[in-house]
Amino acid sequence: MITAKALSSQADWRQEWARAIRDPNELLRELALDPALLPGAQAAARRFSLRAPRSFVARMRQGDPDDPLLRQILPLAIELEPTPGFVADPLGEQAAQTAPGVLHKYHGRALLMATSACALHCRYCFRRAFPYAQAQIGARQWPQALAYLASDPSLCEVILSGGDPLALSNQRLSELLGGLERIPHLKRLRIHSRLPIILPERIDDGLLGILAHTRLRPVLVVHANHPREIDGTVRQALERLALAGVTLLNQSVLLHRVNDDATTLAELSEALFAARVLPYYLHLLDPVQGAAHFAVKESAAFAIMNTLRQRLPGYLAPRLVREQPGQLAKTLVESHC
Ligand SMILES: *Cc1c(COP(=O)(O)O)cnc(C)c1O
Ligand code: SF4
């Protein structure tokens, strides 16, 4: 049952979502940045729009164009320069769809793109050029997606992804979960979401109730790249999820001049663990068009990982992986020297 209190907190996060900054000019003014950045930002935003909730922008430093949180969302002219090897669909996702909105590449688990909406537009996103409209992502495809999941008894885990699946209202989410719970071979529900980090208001009583009461074992994989993303409000939201019995993991992307040094990543692991989250994956950048300036060389990634492993207990060092089309799992990237 959705209580009046849960409904009112739902209104809060929806308002925050709607008030997100979408105009590059406003972002620059808000952070007292050089107006010379504007033409480039506007041009790049026409290709992939700007979107950043205000509470996330408030965690950025004033007047610093190199702020690691800002770099993740500020559209730059350099995105428009084509780079060989950086393409629209680097993971071949369109070809991997087994039903509308379902990606089934790995044994035992399938990924359901529940919605195409995101609260934040990350400039390095591998789905930035993904034609969601053509891929028919959304609630209208759920019956076909559920029928596919029901038809394959080898599946024991469903991964809700997107976009950001927590962009769905609690009402929509419980409808979807109801359908998933009726599939007897499913045991685990995994949610890949950046919202607990970007808009912690989303972790409301209604959502906590849904996750605490589902028959499926809930795992939530959040996405934070830098320790400053995790402030007190985020920590509280994550702790409430942990108390509701949700297993919490984090995935990050290794990004040039955002988190490509061992000190930043060690601090990130510490901040995550303090909020009851274990590091899971550190992804090498997928070569998506417009993101080449975030790439980190593999040799540099190894060096960072080696330092990280010397500084942290094993369980706080994420696994460095890359996704290769056609492989049966994420590929562990290891040094051969
Ligand atoms: C990454 C991914 C998964 C999950 O892989 P894990 O190694 O289990 O985290 C599942 N399906 C698809 C299509 C993926 O891209
Ligand atoms: S939240 Fe995730 S899916 Fe959405 S834009 Fe960022 S990286 Fe892409």
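Treat the numbers as computed from the prediction; the structure is a model and nothing was measured.

1. What about the pairing of strand β8 (residues 278-283)?
On a regular strand, one side chain projects to one face of the sheet and the next to the other, so that they alternate.
Inference 1: With five of six residues buried, β8 lies mostly within the body of the structure.
Inference 2: Examined bridge by bridge, strand β7 (residues 247-253) and β8 share five bridges and lie parallel to one another. Paired with asparagine 250 across the bridge in β8 is proline 279.
Inference 3: In this fold, the crossover linking β7 to β8 by way of helix α13 (residues 262-274) has right-handed handedness.
Inference 4: Where β8 meets strand β9 (residues 319-322), three bridges bridge the pair, whose relative direction is parallel. Among the inter-strand pairings, tyrosine 281 is bridged to a residue of β9, identified as arginine 319.
Inference 5: The parallel pair β8 and β9, bridged by helix α14 (residues 298-311), forms a crossover whose chirality is right-handed.

2. A closer look at the packing of aromatic side chains
Inference 1: Throughout the structure, instances matching the rule amount to four aromatic pairs.
Inference 2: Ring geometry for tryptophan 13 and tryptophan 17: centres 6.2 Å apart, planes at 70 degrees, overall edge-to-face. One end of the pair, tryptophan 13, and the other, tryptophan 17, are both in helix α1 (residues 4-18), four residues apart, so they sit about a helical turn from each other.

3. Remarks on empty space enclosed by the protein
Inference 1: Scanning the entire structure with this criterion turns up three cavities of 30 Å³ or more.
Inference 2: By volume, the largest cavity is sized at about 50 Å³.
Inference 3: Every residue lining the largest cavity is listed: Asn250, Ser252, Leu265, Leu268, Ser269, Leu272, Pro279, Tyr281, Leu282 and Pro318.
Inference 4: Taken together, the elements giving at least two residues each to the lining of the largest cavity come down to β7, α13 and β8.
Inference 5: Counting residues per element, the lining of the largest cavity draws most heavily on α13, at four residues.
Inference 6: Considering only residue class, the lining of the largest cavity consists of seven nonpolar, three polar and no charged.

Scoring rules and cut-offs
Residues numbered from 1 in each chain as written. Chains lettered and ligands numbered in written order. Predicted model: local features only at pLDDT ≥ 70, side-chain atom pairs only at ≥ 80, totals over all residues. Heavy atoms only, no water. Buried < 20%, exposed > 50% of the residue type's maximum accessible area, 1.4 Å probe, protein only. Helix = DSSP H or I, 4+ residues; strand = E, 2+ residues; numbered from the N terminus. Pairing = 2+ DSSP bridges. Right-handed = clockwise from strand over helix to strand, strands pointing away. Phe/Tyr/Trp six-rings, centres within 6.5 Å; stacked < 30°, edge-to-face > 60°. 1 Å grid on protein atoms, 1.4 Å probe; cavity = no way out; pocket = protein on both sides within 12 Å on 5 of 7 lines; lining within 4 Å. Points joined across faces, edges and corners; volume = space filled by probe spheres on them. Nonpolar A, V, L, I, M, F, W, Y, C, P; charged D, E, K, R; others polar.

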